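This is what each chain is made of:
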Amino acid sequence: MLNLSGCADSAKVQLGSEAVVYQEIHDFVIEPKKTSDPVEINGQLDRIINSFEPGIEQTLWTLSYRTQLDKSWVNEIKLKLLNLGLVPSRIKVTKLDSGKSVIKMSIGKYRVKTQTCKPSILGRMDSDTGCFVDSMRLRHVRDPQTLILPEGQ
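Residues numbered from 1 in each chain as written. Predicted model: local features only at pLDDT ≥ 70, side-chain atom pairs only at ≥ 80, totals over all residues. Heavy atoms only, no water.

Ranked by internal contacts, the top residues of the largest apolar core, which has 19 residues, are L45, W61, L63, I77, L81 and M105. Discounting chain neighbours no more than four positions away, the residues touching M105 are H26, D27, F28, I30, L45, I48, W61, T62, L63 and I77. (Core = buried A, V, L, I, M, F, W, Y, C linked by side-chain atoms within 4.5 Å. Buried < 20%, exposed > 50% of the residue type's maximum accessible area, 1.4 Å probe, protein only. Contact = heavy atoms within 4.5 Å.)

Have a look at this one:
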């Protein structure tokens with residue numbers, strides 16, 4: 001005679017957490033005049049750059065200029081960004097059509113917004129058991145852009 005007995009708990013499918021990955025784009029325009037103080041312009045540029053620290057390594061910069069003077073400012077900005085650890089592939093420099101002197105900076109940074117998890121109750125299996133773990137994992141991804149599939153996949 002063979003007697004087998006066992007106990008099983010109902011297994012729940014853990015769906016994890018939902019998240020939205022989005023890109024913030026910040027645009028800045030500086031119009032240097034011939035009479036503008038270079039120290040003042042440099043200070044403005046430093047304030048803009050410093051506002052993206054920490055985490056500047058994950059930003060995407062598009063620097064645009066019109067005149068040769070503007071180009072020298074753009075090259076100085078690029079040098080500062082490289083010295084802060086930004087890789088060259090995250091900096092794009094473009095020349096604008098002719099017109100008055102202008103330095104345009106467009107800075108993109110990806111962010112993650114995760115769902116708000118319901119608190120768990122000890123001894124009760126809820127449908128969002130893995131929510132807290134997944135939410136924390138998603139919030140701590142170094143570069144949220146990597147969570148997005150490239151187009152066509």
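Past the structure itself, the notes keep going.
Next up on the list: the pairing of strand β4 (residues 103-114). Sheet topology note: the strand β1 (residues 19-30)/β4 ladder contains 12 bridges and is antiparallel. Its bridge partner being in β4, I25 is matched across the sheet by G108. Here six bridges tie strand β2 (residues 60-65) to β4, and the two strands are oriented antiparallel to one another. In the sheet register, S64 faces β4, and the bridge partner there is K104. (Pairing = 2+ DSSP bridges. Helix = DSSP H or I, 4+ residues; strand = E, 2+ residues; numbered from the N terminus.)

A few words now on the pattern of salt bridges. Tallied over the full model, the rule gives two salt bridges. Where E24 meets R111, a salt bridge forms, and the shortest distance between an N and an O atom there is 3.2 Å. Of this pair, E24 sits in strand β1 while R111 is found in strand β4, placing the two residues 87 residues apart along the sequence. Judged by its relative accessible area of 22%, E24 falls in the partly exposed class. Note that K80 and D46 form a salt bridge whose closest N and O atoms lie 2.5 Å from each other. Taken together, the residues span a long stretch of sequence, with K80 in helix α2 (residues 68-83) and D46 in helix α1 (residues 38-50) at a distance of 34 residues. (Salt bridge = Lys/Arg side-chain N within 4 Å of Asp/Glu carboxyl O.)

Of the pairings in the sheet, the one linking β2 to strand β3 (residues 91-95) comprises five bridges and is parallel in character. Across the sheet, the residue bridging to L63 is V93, located in β3. Tracing the backbone out of β2, into α2 and back to the parallel element β3 gives a crossover that is right-handed. (Right-handed = clockwise from strand over helix to strand, strands pointing away.)

Here we take up the side chain of K109. Tracing the backbone shows K109 in strand β4. Despite its burial, K109 pairs with no opposite charge; the closest candidate is E24, at 7.1 Å N-O. The residues touching K109, leaving out its near neighbours within four places in the chain, are Y22, Q23, E24, F52, P54, G55 and T59. (Lys, Arg positive; Asp, Glu negative; His and termini not counted.)

A few words on α1. When the terminal C-alpha atoms of α1 are compared, their 18 Å separation across 13 residues agrees well with the 18 Å that a helix rising 1.5 Å per residue should span. The set of residues buried in α1 consists of I41, L45, I48 and I49. Looking straight down α1, one finds that the buried residues subtend no more than 95° of arc, so they occupy a single side. Turned more than 90 degrees from where α1 packs its buried face, V39 and R47 sit exposed. Lining the buried residues of α1 we find β1, β2, α2 and β4. (Expected span 1.5 Å × (residues − 1). Arc of directions from axis to C-beta.)

By themselves, these figures tell us nothing about what the structure is for.
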